Amino acid sequence: KKPVPAALKPPNPAAPLEHVAYAVLGLGDTNYDQFCESAKVIDRKMSDWGARRGAKLACADEATGLEGTVEPWLDGVLGDLEKA
């Protein structure tokens, strides 16, 4: 295993994404047991690694209609990230 050059190492190894703002939109179907689980894991890991949540995790449900979640999320996500 090659060592990582110092210039590429994060300044805080415990929080390598501390300068990152993010937002996660999960697309799923509540007819399945693990509704939006991938989105939930990504949201949790980003936060664990020090990134700032710019918008609350949104989970859109195919069973009830994606538009009610997706469209408002799309309308607001860039503004939310700018504020983060």
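Here is a short report on the structure shown in this document. Bear in mind that the values here come from a model prediction, so they are computed numbers and not experimental data.

How each quantity is defined
Residues numbered from 1 in each chain as written. Predicted model: local features only at pLDDT ≥ 70, side-chain atom pairs only at ≥ 80, totals over all residues. Heavy atoms only, no water. Helix = DSSP H or I, 4+ residues; strand = E, 2+ residues; numbered from the N terminus. Expected span 1.5 Å × (residues − 1). Buried < 20%, exposed > 50% of the residue type's maximum accessible area, 1.4 Å probe, protein only. Pairing = 2+ DSSP bridges. Disulfide = S-S within 2.5 Å. Core = buried A, V, L, I, M, F, W, Y, C linked by side-chain atoms within 4.5 Å. Contact = heavy atoms within 4.5 Å.

**Things to note about helix H1 (residues 37-48)**
Next up, step 1: For H1, spanning twelve residues, the distance from its first C-alpha to its last is 16 Å, which sits close to the expected 16 Å at 1.5 Å a residue.
Next up, step 2: With its phi angle positive at about 95°, Gly50 sits one or two positions after the end of H1.

**A short note on the environment of Lys2**
Next up, step 1: Secondary-structure assignment places Lys2 in the segment before strand E1 (21-22).
Next up, step 2: For Lys2, a relative accessible area of 76% corresponds to the exposed category.
Next up, step 3: With 31 residues separating them along the chain, Lys2 and Asp33 place their C-alpha atoms 41 Å apart.

**Section: the pairing of strand E2 (residues 25-28)**
Next up, step 1: Only one face of E2 is buried: it carries Gly26 and Gly28, and the other face, with Leu25 and Leu27, is open.
Next up, step 2: Summarising the sheet, E2 and strand E4 (residues 58-61) pair through four bridges and their orientation is parallel. Across the sheet, residue Leu25 finds its bridge partner in E4, namely Ala58.

**Quick notes on the state of the cysteines**
Next up, step 1: By the definition in use, this model includes zero disulfides.
Next up, step 2: The cysteine Cys59 is free of any disulfide, with Cys36 supplying the nearest cysteine sulfur at 3.8 Å.

**What about unusual backbone geometry?**
Next up, step 1: In this structure, Cys36 is a non-glycine residue whose phi angle is positive, near 55°.
Next up, step 2: Among the structural elements, Cys36 can be located in the loop between E2 and H1.
Next up, step 3: Relative accessible area serves as the criterion here: at 6%, Cys36 is assigned to the buried category.

**Quick word on the nonpolar core**
Next up, step 1: Ranked by size, the top nonpolar core spans seven residues in total: Tyr22, Val24, Phe35, Cys36, Ala39, Met46 and Ala51.
Next up, step 2: Once residues lying within four places of it in the same chain are set aside, the contact partners of Ala51 are Leu17, Glu18, Val20, Tyr22 and Met46.

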